[in-house]
Structures are given as structure tokens and as C-alpha cells.
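Remarks on the overall topology
Residues per chain, in single letters:
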Amino acid sequence: MTDDLHRRSVVADTHNDLLCSVVGRPVERWSPYFREQWLPQLRQGGVNLQVLPVFIDDLYRPEGALRQTLRMIEAAHRIAEGNPDVVELCFDGNDIDQALGADRIALVLALESAPGIGEDVELLETLSRLGVRIASLAHFGRTALADGSGEDHTGSKLTRAGIAAVAEMERLGMLFDVSHLGAAGVDHVLELCTRPVIATHSSARALRDHHRNLTDEQLRAIAANGGVVCVNFFAPFLHETDYRIERLIDHIEHIAGVMGVDKVGLGPDFVKEVLADVVMPCCEAAEVEGVPTDQFLPGLEGPAGLPLVTEALLARGWAEDDIVKVLGGNVLALFRAQLGRPTH
């Protein structure tokens, strides 16, 4: 039953940093490397809709951030152009439906913290022309646009440029991503936004008190905004010491209980392979933001394990229709309604 339900569902992963691995290869290997290394995992996991975040490592910030942003966007285009039988880079809901109908994986580009644009908010239109459809304004620290969750003690809202960025994203039909944004920033965005937002990879602070997670009050506000929260699979953000899939299901159930089952998705943030790929052994950090970097949910270290989520939800007694929503139905509905639809 598990396999049948999983395979007939649209499975949407709203955060996989695989582009970081791809751009670490020679340019001529970008497309074939994706096909050889990542496509089998996505197919095994039943992924139909994959958001590709553009995350810029500290090595490239600030001077090289825009150049690396463009390289990663170019990598996404080359992946799509080199593998047209299996993937399609999508700019709106119609593109996504077309890809799904042809049994191709729909790829959607996102910016994670957008360090490449600085205060030059007009560059959002440039990046939109290149296919970016989702963006956040900060990671753990401070940017020219906003503070990340690691800066919560400052109580900072969005900067003037950040406020302008929200308006520009809405004009362009880009979804605002509140994951990683500081608490005051999340509240500020929800005051400003006239369109639904997304949290591409965030879990519940009520179950794990870490600044990367969202409070129940924030969850309710995002639900009222019409947005969707996609649960992060990174084990230390789910529990302090118990790194089992049951803790992930706890977060899914909690968020569904607070927001409603129509407002929950999956934002796995599979980082084990990416970290092994891009971080030199001499430079590997034992922890980040107070949590270990080498702890993962067994079986869910990468996208191939996603059917385990369906199995675990069935074991908890979830109705099949609700599982279909969480696996990707809710994200698909949001993307159909919002992606690439400018506000004039």
C-alpha cells in the first residue's frame, strides 16, 4: 500500500541543495553529473517537483556572491537543457503541470538569502527573468535586507531595502520564503505581504526550541496568510537527541494540528551528501548554530528515502487523502496559484 500511495502522489521537495554539488564539478559535467548522481535518487524517492535553492557559501560572500548566484542558476538551466526527457525548469503552474503530465520532474529555482543582490532590489527582476520564482532574504546572519534567525536577540525587522524587496517580489510573482528569517522579520513580512508566503524548510519550535523553527503563533499567522510550511528533516532541528523518523512525523502532525492539513508540506533539506561533497575534511565544522552537523534521520539521508515518510504517516493512522496533501498536493496548489503571476 505504501509504495502505491507514494507513487500515485505528487511528491514535492521544497529544499534540496543539490546545485551546490553540481557547480563543484567542471562545467561540462554539470548536466551528466545530475543525471548520474541525483536523478536516480529523485526517481527512487518518487520526487515529481523539486525546488532548487541557490545557496551561496561563505567562501563567495560578499565579493563573489552574485557571480556564484549566476553560476548556480546557469547550472539549473544546463541540467534542464541536458536532460529534457526527465526534467523541466518551470516558471509557473502551467509549466509544472506540463512537466508532471509528461512524467518529467518539475524544477523550480529559489534564492536562499539572496546575498548576491545586496541592496540592489532591482536585480530581483533580472533573476526573475532567469527563472527564479522563490526567494528568502537572510540565512542565519545579517544581510542588507534582513536578519536571519541567528540574530533574533537584536529584534530586527526588515531593512528599507528588504521592504522594497517584498513589494518587488509580489510584483514579479515570486513567492517569499520565510525559512531562516528572524522572528521579528517573519512578523514584519506577514504584515507587509498581500500574497501567500512559504516556509521551504522549517519545523515546529513547540517541539524543538531552536531559533530555526517556527512558533505556533507564526504558524497560525502563515496559515491565515494562505501560506504553506514545509517541514525540515534535519535531525537536530527536530529533537535534541532522538534522531528517528518518528520525531519528524511529530513535527508534521503538530504543524498540521496548528495550521490545518492543507498548509503542510515537505522541505527535507538533505545535506549529508552535499556537505560531504563541498566541505573539505580539514574545514568540516562539528556543529552549526549549536547543533551537530553529522546527525541525520536513518534512511532519510537523501531523497531516495522519501517513501519512508508515507509509510510512517500510514502507521500513525493518517488518511490517504491527507498524506497526498502533505507529500506535495499542498505545495502544488500553492505553486499553481502563485508562481509567475505578477501583481501590476
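Residues numbered from 1 in each chain as written. Predicted model: local features only at pLDDT ≥ 70, side-chain atom pairs only at ≥ 80, totals over all residues. Heavy atoms only, no water.

Things to note about the overall build of the protein
Helix and strand counts for the protein come out as 13 helices and eleven strands. Radius of gyration (C-alpha) of the protein: 18 Å, near the 20 Å computed for a compact globule of 344 residues. Considering only C-alpha atoms, the protein reaches an extent of 50 × 50 × 45 Å along its principal axes. The buried share among the 344 residues of the protein stands at 57%. Of the roughly 13,500 Å² of accessible surface on the protein, a fraction of 49% belongs to carbon and sulfur atoms. Taking the average place of the 30 positive charges on the side chains of the protein and the average place of its 51 negative ones, the gap between the two points comes to 3 Å. (Helix = DSSP H or I, 4+ residues; strand = E, 2+ residues; numbered from the N terminus. Rg over C-alpha atoms; globule rule 2.2 N^0.38 Å. Buried < 20%, exposed > 50% of the residue type's maximum accessible area, 1.4 Å probe, protein only. Areas by Shrake-Rupley, 256 points an atom, 1.4 Å probe, with all protein chains shown as cover. Lys, Arg positive; Asp, Glu negative; His and termini not counted. Charge placed at Lys NZ, Arg CZ, Asp CG, Glu CD.)

Quick look at helix 9 (residues 216-225)
Of the residues making up helix 9, those classed as buried are Gln 218, Leu 219, Ile 222, Ala 223 and Asn 225. Buried residues in helix 9, looked at end-on, bunch into an arc of 160°, giving them a common side. Structural note: helix 9 exposes Glu 217 and Ala 224 on the side pointing more than 90 degrees away from its buried face. Of the surrounding elements, those touching the buried residues of helix 9 are helix 8 (183-192), strand 8 (228-231) and helix 10 (245-259). (Arc of directions from axis to C-beta. Contact = heavy atoms within 4.5 Å.)

Digging into the pairing of strand 5 (residues 132-135)
Judged from the three bridges that link them, strand 4 (residues 105-112) and strand 5 form a sheet pairing that is parallel. In the sheet register, Ala 110 faces strand 5, and the bridge partner there is Ile 134. As for the winding sense of the linkage, the β-α-β connection from strand 4 through helix 6 (residues 123-129) to strand 5 is right-handed. In the sheet, strand 5 pairs with strand 6 (residues 175-176) via two bridges, with the strands oriented parallel. What sits directly across from Ala 135, in strand 6, is Phe 176. For the segment spanning strand 5, helix 7 (residues 160-172) and strand 6, crossover handedness is right-handed. (Pairing = 2+ DSSP bridges. Right-handed = clockwise from strand over helix to strand, strands pointing away.)

Some remarks on the side chain of Ser 21
Here Ser 21 shows up in helix 2 (residues 18-22). Of the residues examined, Ser 21 reaches a relative accessible area of 1% and is grouped as buried. Residues contacting Ser 21, with those up to four places away along its chain left out, are Tyr 33, Trp 38, Val 274, Asp 277 and Val 278.

Some points on the packing of helix 9 against helix 10
When two helices pack together, their arrangement is given by the angle between the helix axes and the distance between those axes. Between helix 9 and helix 10, the least distance of the axes is 9 Å, while the angle of their chain directions is 55°. As judged from the angle between their axes, helix 9 and helix 10 are oblique. In this structure, the crossing between helix 9 and helix 10 has a hand that is right-handed. Seen from helix 9, the contacting residues are Asp 216, Leu 219, Arg 220, Ile 222 and Ala 223; seen from helix 10, they are His 254, Ile 255, Val 258 and Met 259. In terms of residue class, the contact of helix 9 with helix 10 is built from six nonpolar, one polar and two charged. (Axes fitted to C-alpha atoms, helices over the stretch in contact; angles between N-to-C directions. Parallel < 35°, antiparallel > 145°, perpendicular 65-115°, else oblique. Left-handed = near helix turned anticlockwise from the far one by under 90°. Nonpolar A, V, L, I, M, F, W, Y, C, P; charged D, E, K, R; others polar.)

Regarding the packing of aromatic side chains
Taken as a whole and judged by the stated rule, the model has three aromatic pairs. The interplanar angle of 75° and the centroid separation of 5.1 Å between the aromatic rings of Phe 234 and Phe 237 together place this pair among those described as edge-to-face. For the pair shown, Phe 234 and Phe 237 are each scored as buried. One aromatic cluster is present, built from ring pairs that chain together Phe 234, Phe 237 and Phe 296. (Phe/Tyr/Trp six-rings, centres within 6.5 Å; stacked < 30°, edge-to-face > 60°.)

Examining the pattern of salt bridges
Under the definition given, this model contains 19 salt bridges. Linking Glu 74 and Arg 78 is a salt bridge whose minimum nitrogen-to-oxygen distance equals 2.8 Å. Of this pair, Glu 74 and Arg 78 both sit in helix 4 (residues 65-82), four residues apart, which is roughly one turn of that helix. In this structure Arg 78 comes out as partly exposed when scored by relative accessible area, which is 36%. (Salt bridge = Lys/Arg side-chain N within 4 Å of Asp/Glu carboxyl O.)

Thoughts on a nonpolar patch on the surface
A cluster of nonpolar side chains, namely Leu 66, Leu 70 and Leu 130, defines an oily patch on the protein surface of about 210 Å² accessible area. As for its position among the elements, Leu 130 is in the loop between helix 6 and strand 5. Given a relative accessible area of 31%, Leu 130 falls into the partly exposed group. (Patch = residues over 30% accessible without salt bridge, like charges linked within 9 Å, V, L, I, M, F, W, Y side chains within 5 Å.)

As for the nonpolar core
Counting 93 residues, the largest nonpolar core has Leu 19, Leu 248, Ile 252 and Val 309 as the members making the most contacts within it. With residues up to four places along the chain from it excluded, the contact list for Ile 252 reads Val 231, Val 264, Leu 266, Val 309, Leu 313, Trp 318 and Val 326. Core analysis: the second largest hydrophobic core is formed by 19 residues, Val 108, Ala 110, Cys 230 and Phe 335 among them. (Core = buried A, V, L, I, M, F, W, Y, C linked by side-chain atoms within 4.5 Å.)

These values are about where atoms sit, not about what they do.
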